[in-house]
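# Structural characterization, general
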Amino acid sequence: MESLNPATEEVLETFDADDETSVDEKLQHAHETYEEWKERPIEERQRLLSKAGDVLRENKQKYAEMMTKEMGKPVSSAVSEVEKCAWVCDYYAEHAGEFLQDERIGTEPGVESYISYEPLGPVLAVMPWNFPFWQVFRFAAPNLTAGNVGLLKHASNVPQCALAIQEVFEEAGYPEGAFTTLLVGSDTVEDIITDERIAATTLTGSTGAGRSIGENAGGSLKKSVLELGGSDPFVVLPDADIEDAATTGAQARCLNNGQSCIAAKRFVVHEDAYDEFLERFTEEMESMTIGDPMDEDTDIGPQAREDLMEGLHEQVEDSIEAGATLELGGEPLDREGAYYPPTVLTDVPDDSPAGEEEMFGPVASVFRVGDTEEAIERANKTRFGLGASIWTQDKKQAKEVAREIEAGMVFVNELVKSDPRLPFGGVKDSGYGRELAHHGIHEFTNKKTMWVT
Ligand code: NDP
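Presented here is a report on the structure given in the accompanying data block. Quantities reported herein were computed from a predicted structural model and do not represent experimental measurements.

### Some remarks on the packing of aromatic side chains
Considering all chains together, one arrives at 15 aromatic pairs under this definition. Taking 5.0 Å as the distance between ring centres and 80 degrees as the angle between the ring planes, the aromatic pair formed by phenylalanine 169 and tyrosine 174 counts as edge-to-face. A relative accessible area of 6% places tyrosine 174 in the buried class. Grouping aromatic residues by their ring pairs yields a cluster made of Trp37, Tyr63, Phe133, Phe137, Phe169, Tyr174 and Phe179. The residue whose ring lies beneath arginine 138 is phenylalanine 424, and the NZ or CZ to ring-centre distance is 4.4 Å. In this structure, arginine 368 is placed above the aromatic ring of tyrosine 274, and the distance from its NZ or CZ to the ring centre is 4.1 Å.

The following block contains the structure:
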């Protein structure tokens, strides 16, 4: 497995992938560790999680630079990502006990009835490269603390991050086998999910990977959580603060080099605000600093892989051929590395890639709508349903519009973001299940009904 720097095309390191025998050994070890781990008091699991947070903070710069070199995100956002991972550790270290305590139900006199939240077993996590630490910690922090053990199949282009995350848990003092990295390709995932030692599986990734993993998990009757892509609408109503909407909109589109499932991708703008918004938004997109992701001042680094950038460019070209107007960008940069510039499209046809697919890079589609009803219709005109952002000064109206939006998360006058205290996940082709908050820690538990007379 190759670790390759997408900014310089340099091969950083090469790793031997796990073969069938070593995968089998790791599964067996995880299975045995689970039997011991689930019996430990929750306070001890919380204490270890808190230590994992400390290890992350102590090695913040090292892990941030590792991410930047492996997948190209600007180093300043990589540092924030490590801090956020420490936050999710702190959060569950503080709250897991309360989330998992028995839930008393007053059924009838003389009966003690309650729900106990018990772990399920080893959980396979198939994870993507875009937030190579955060996506994993978002899964691992609640799940290890709930008494499950984790096996990570990380994206093939981030093996260094995958191994470093196992190191975080080892350094924090977790028993060997509580969190294990498997260096394997996606063709081995089916065998791992169907292995009887695996209890459940979670994926963050593309819809295609989601269908395949959902089928494998369903076929072997195992619980799954799927956090898939999005084509999030960013709805601007006429009374919105246009300057704020344009600035935040550009940030929301370009965050993480545009490679975020919850990035604003389709900008749905009321005709009364359209011209002003488009002008300011395009200016904001144009003003982004593109460059070396190791430079603190860089807003946009390279796309994570050359093939992903080529795919993105094809989507842009096909959309233009189908009738979209190019307002900004639209050509890979003529320099070393997989650099794609901020790009703005208008007049986007519904059946073009920008109209119906996820654009996983700094490419925005701006749509003009005549009224609020049409804005809602346009926002929902997608097979995805992850996040949505609504911009208006009228909070009452915003909440009414939010109810009509088919999405797992709606933010008003703010970009969509993940936060340990709030559930995260989508509807429609964006997947099912929730991560984070108390919802996330309950996903892979046996909610056991107890009735004692
Ligand atoms: P993938 O969905 O292909 O990769 C994510 C993870 O799933 C990786 O670990 C990958 O392994 C694994 N995987 C891929 N296919 C399968 C499969 N059939 N069965 C089991 N596991 C599988 O994302 P890509 O890297 O190819 O990116 C392509 C697109 O996916 C992006 O352009 C974007 O639209 C979407 N995506 C969405 C993300 C999100 O946050 N929701 C994150 C990343 C991508 P391996 O790396 O070995 O192939």
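### A word on the sheet that holds strand S20 (residues 445–452)
Remark on secondary structure: sheet strands pair via backbone hydrogen bonds, oriented parallel or antiparallel. With antiparallel pairing, three strands are arranged side by side in an open sheet as S3-S4-S20. Since the sheet does not close on itself, it has two edges, and those belong to strand S3 (103–105) and S20, each with one partner. On average, each strand axis in the sheet is inclined to that of its neighbour by 25 degrees, with strand direction left out of account. With eight bridges joining them, strand S4 (residues 112–119) and S20 adopt antiparallel strand pairing. Across the sheet, isoleucine 115 pairs through a bridge with threonine 449, a residue of S20.

### As for the layout of surface pockets
Taking a probe equal in size to a water molecule and rolling it over the atoms shows the remaining empty space. For the largest pocket, the calculated volume is near 780 Å³. As for the largest pocket, its lining consists of 36 residues, and the residues nearest its centre are Trp129, Gly205, Ser206, Thr207 and Ala209. For the lining of the largest pocket, the secondary-structure elements that each account for two or more residues are helix H7 (189–194), strand S8 (200–204), helix H8 (207–219) and helix H11 (306–321). Considering only residue class, the lining of the largest pocket consists of 15 nonpolar, 12 polar and nine charged.

### Focus on the site of the ligand
Taken together, 27 residues lie around the ligand, and Met127, Trp129, Ser156, Ser206 and Glu358 are the ones closest in. Tryptophan 129 has a polar side-chain atom sitting 2.5 Å from an oxygen atom of the ligand. Here a nitrogen atom of the ligand and a backbone polar atom of leucine 228 are 3.1 Å apart. In the complex, 81% of the free accessible area of the ligand, which totals 850 Å², lies under the protein chains. More than half of the atoms of the ligand fall within 2 Å of the grid points belonging to the largest pocket. Listed by contribution, the elements that provide at least two residues to the shell around the ligand are S8 and H8. Broken down by element, the residue count for the shell around the ligand peaks at three residues, all from H8. The residue makeup of the shell around the ligand, split by class, is 13 nonpolar, 10 polar and four charged.

### Here's the deal with a negative patch on the surface
Taken together, Glu9, Glu306, Glu310, Glu314, Glu317, Asp318, Glu321, Glu331, Glu336, Asp351, Glu356 and Glu357 make up a surface patch of like negative charges. Its place among the elements puts glutamate 336 in the loop between strand S12 (325–328) and strand S13 (343–346).

### Describing the pairing of strand S7 (residues 179–182)
The two faces of S7 match: Phe179 and Thr181 on one face and Thr180 and Leu182 on the other face are all buried. Both strand S6 (residues 149–153) and S7 contribute to a ladder of four bridges, which runs parallel. When the bridges of S7 are listed, leucine 152 appears paired with threonine 181. Each parallel crossover has a hand, and for S6 linked through helix H6 (residues 159–172) to S7 it is right-handed.

### Some words on the packing of helix H3 (residues 60–71) against H6
Packing of H3 against H6 leaves a shortest axis separation of 9 Å and a crossing angle of 160 degrees. As summarised for this structure, H3 and H6 are arranged roughly antiparallel, according to the angle between their axes. Taken as a pair, H3 and H6 cross one another with a handedness that is left-handed. Residues Lys62, Tyr63, Met66, Met67 and Glu70 of H3 form the contact with H6, whose participating residues are Pro159, Gln160, Cys161, Ala164, Glu167 and Val168. Class assignment for the residues of the contact of H3 with H6 results in seven nonpolar, one polar and three charged.

What counts, and where the lines are drawn
Residues numbered from 1 in each chain as written. Predicted model: local features only at pLDDT ≥ 70, side-chain atom pairs only at ≥ 80, totals over all residues. Heavy atoms only, no water. Phe/Tyr/Trp six-rings, centres within 6.5 Å; stacked < 30°, edge-to-face > 60°. Buried < 20%, exposed > 50% of the residue type's maximum accessible area, 1.4 Å probe, protein only. Lys NZ or Arg CZ within 6 Å of the ring centre and 35° of its normal. Pairing = 2+ DSSP bridges. Helix = DSSP H or I, 4+ residues; strand = E, 2+ residues; numbered from the N terminus. Axes fitted to C-alpha atoms, helices over the stretch in contact; angles between N-to-C directions. 1 Å grid on protein atoms, 1.4 Å probe; cavity = no way out; pocket = protein on both sides within 12 Å on 5 of 7 lines; lining within 4 Å. Points joined across faces, edges and corners; volume = space filled by probe spheres on them. Nonpolar A, V, L, I, M, F, W, Y, C, P; charged D, E, K, R; others polar. Near = heavy atom within 4 Å. Polar contact = N/O pair within 3.5 Å; in protein donor to acceptor, adjacent residues only side chain to side chain. Areas by Shrake-Rupley, 256 points an atom, 1.4 Å probe, with all protein chains shown as cover. Sits in = over half its atoms within 2 Å of the grid points. Patch = residues over 30% accessible without salt bridge, like charges linked within 9 Å, V, L, I, M, F, W, Y side chains within 5 Å. Salt bridge = Lys/Arg side-chain N within 4 Å of Asp/Glu carboxyl O. Lys, Arg positive; Asp, Glu negative; His and termini not counted. Charge placed at Lys NZ, Arg CZ, Asp CG, Glu CD. Right-handed = clockwise from strand over helix to strand, strands pointing away. Parallel < 35°, antiparallel > 145°, perpendicular 65-115°, else oblique. Left-handed = near helix turned anticlockwise from the far one by under 90°. Contact = heavy atoms within 4.5 Å.

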